[in-house]
Amino acid sequence: MKGRIYVFLKEEVLDPQGKAIEGALSSLGFKEVKKVRACKYFDIEFDDKDLSNPEKRLEEYAKKLLANEVIENFKVEILTKQDSK
Amino acid sequence: MRATVVEFLGSNCDHDMIYFSKEVLKFKTEVVWYSERDLKNPDVVFLPGGFSYGDYLRPGAMASRTPIMESVIDFAKKGGFILGVCNGFQILCESELLPGALLRNKSLTFICDYVYLKAENCDSPYTKKINKILKIPIAHGDGNYFCKKETLKELKDEGRIAFKYVSPEGNIDEKWNFNGSLESTAGILSKNKRVLGMMPHPERACEKILGSDDGKLIIESLISFAENG
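My aim in this report is to walk through the structure given alongside it, one point at a time. Since the model is a prediction, treat every value here as computed from it, not as a measurement. (Residues numbered from 1 in each chain as written. Chains lettered and ligands numbered in written order. Predicted model: local features only at pLDDT ≥ 70, side-chain atom pairs only at ≥ 80, totals over all residues. Heavy atoms only, no water.)

## Let's talk about the overall build of chain B
Okay, so step 1: A count of helices and strands for chain B gives 5 helices and 11 strands.
Okay, so step 2: Along the longest, intermediate and shortest principal axes, the C-alpha atoms of chain B span 45 × 40 × 35 Å.
Okay, so step 3: Buried residues in chain B amount to 60% of all 229 residues.
Okay, so step 4: Sequence-distant contacts, at least 24 apart, represent 77% of the contacts inside chain B between residues at least 6 apart. (Helix = DSSP H or I, 4+ residues; strand = E, 2+ residues; numbered from the N terminus. Buried < 20%, exposed > 50% of the residue type's maximum accessible area, 1.4 Å probe, protein only. Contact = heavy atoms within 4.5 Å.)

This is the structure we're talking about:
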């Protein structure tokens, strides 16, 4: 099974990277750009044959390691049910 | 005193810390590897600066989940003294031994420079002997301290802000808050004030020939606290 975990900074946390990208887009002539927030995602292949709730498992990955909930929120999704070989 | 310096993959200020501990402070100094579990019975644990795990994921995130950190967390629970500097501070936050997080510097640039620090609460083990503005270097890209409003209030109410970035004269000024930290916070303490995390490097300001020996005052405070309470 393949899952994806999105990790993004909380709204109240300053995102200097997003700010810099915002400035760069604007200087390229995309004047309509108002705000950019950068985020990251992780694609994870895992063996789900013993998992009753794979989505919950992905949440555990996020809580234990991938997201720091002091500054970040996360969202998980299942991409493919079977190994895409 | 007995000190243990923990080395992680990618620590690069470990030898500065070992020199500080062994040669300057004359501590009996042990060095332990991240994959070990035995801290070798120290009075104080030093978590050095550097780029553990290449800062992958988030600075300090991977290091905080290594075997030795389980022992460091136990040591903290038993009231042990821990000083985390720079990446060591990031590791302490990621381990939840200290609240909050260190974000990318506001300028998005790596900053290597001297900063001036004011000890905010002179009743902690690390600050009781500090009676002047300290001149200590920083070298980091992710030192922008952030925490929730409620956490900041708690830190202030409990006297747990150890150091703030100030001007050479000791005034709070955004110009001297290089990395954009919340309320110029440069270092914070745990609830029992025995765990200190700070972005500036006291071990790089431990002899006059380095440009400053103000960093020594922090550990001299600790020695005095450990001996006299």
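Next, the rest of the story.
## Here's the deal with the sheet that holds strand β7 (residues 134–140) of chain B
Residue and element names in this part refer to chain B.
Okay, so step 1: Strand order in the open sheet formed by 9 strands is β2-β1-β3-β4-β11-β10-β9-β6-β7, and the pairing between neighbours is mixed. Taken across any chain shown, the strands that pair with only one partner, and hence form the sheet edges, are β2 (28–33) and β7. Ignoring which end each strand starts from, the neighbouring axes of this sheet average 25° apart.
Okay, so step 2: Here 3 bridges tie strand β10 (residues 185–189) to strand β11 (residues 195–198), and the two strands are oriented antiparallel to one another. By the bridge assignment, Gly187 is partnered in β11 with Met198. (Pairing = 2+ DSSP bridges. Axes fitted to C-alpha atoms, helices over the stretch in contact; angles between N-to-C directions.)

## With respect to the side chain of Ser224 of chain B
Okay, so step 1: Mapped onto the elements, Ser224 of chain B comes out in helix α5 (residues 215–228).
Okay, so step 2: Ser224 of chain B has contacts with Lys128, Lys129 and Gly229 of chain B, leaving out every residue within four places of it along the chain.

## A word on the interface of chain A and chain B
Interfaces are often sized by the accessible area lost when the parts come together.
Okay, so step 1: Counting from both sides, the interface comprises 16 residues of chain A and, opposite them, 14 residues of chain B.
Okay, so step 2: In total, about 1,200 Å² of surface goes out of reach between chain A and chain B, with carbon and sulfur atoms giving 68% of it.
Okay, so step 3: Connecting chain A to chain B are 1 salt bridge.
Okay, so step 4: Inspection of the region where chain A meets chain B yields 5 residue pairs in polar contact (both at pLDDT 80 or more).
Okay, so step 5: Contributions of two or more residues to the side of chain A that touches chain B are made by α1 (16–27), β2 (39–45) and α2 (54–66) of chain A. (Buried area = accessible area lost by both parts, 1.4 Å probe. Salt bridge = Lys/Arg side-chain N within 4 Å of Asp/Glu carboxyl O. Polar contact = N/O pair within 3.5 Å; in protein donor to acceptor, adjacent residues only side chain to side chain.)

## Here's the deal with the environment of Ile71 of chain A
Okay, so step 1: Locating Ile71 of chain A in the fold gives a position in the loop between α2 and β3 (72–80).
Okay, so step 2: With a relative accessible area of 6%, Ile71 of chain A lands in the buried category.
Okay, so step 3: Contacts of Ile71 of chain A, omitting those with residues within four sequence positions, involve Phe8, Leu9, Lys10 and Val13 of chain A together with Ala101, Leu103 and Phe146 of chain B.

## Notes on the sheet that holds β2 of chain A
Backbone-to-backbone hydrogen bonds pair the strands of a sheet. The strands run either parallel or antiparallel.
All names here are of chain A.
Okay, so step 1: Read across the open sheet, the 3 strands follow the order β2-β1-β3; overall the sheet is antiparallel. Since the sheet does not close on itself, it has two edges, and those belong to β2 and β3, each with one partner. Adjacent strand axes in the sheet meet at a mean angle of 20° when their direction is disregarded.
Okay, so step 2: Strands β1 (2–9), β2 and β3 of the sheet are contacted by α2, whose axis makes an angle of about 145° with β3.

## Quick notes on the state of the cysteines
All names here are of chain B.
Okay, so step 1: Tallying each qualifying case throughout the model produces 0 disulfides over all chains.
Okay, so step 2: Cys86 forms no disulfide, and the closest cysteine sulfur to it belongs to Cys13, at a distance of 6.4 Å.
Okay, so step 3: According to the relative accessible area criterion, Cys86 is buried, its value standing at 5%.
Okay, so step 4: Cysteine Cys93 remains unbridged, with the sulfur of Cys147 as its closest cysteine sulfur at 9.2 Å. (Disulfide = S-S within 2.5 Å.)

## Comments concerning the pairing of strand β1 (residues 2–7) of chain B
All names here are of chain B.
Okay, so step 1: Taking burial as the measure, the 6 residues of β1 include 5 buried ones, the bulk of the element.
Okay, so step 2: Of the strand pairs in this sheet, β1 and β2 are connected by 6 bridges, and their pairing is parallel. Among the inter-strand pairings, Val5 is bridged to a residue of β2, identified as Val31.
Okay, so step 3: Tracing the backbone out of β1, into helix α1 (residues 14–24) and back to the parallel element β2 gives a crossover that is right-handed.
Okay, so step 4: As paired elements, β1 and strand β3 (residues 44–47) share 3 bridges and run parallel to each other. Across the sheet, the residue bridging to Ala3 is Val44, located in β3. (Right-handed = clockwise from strand over helix to strand, strands pointing away.)

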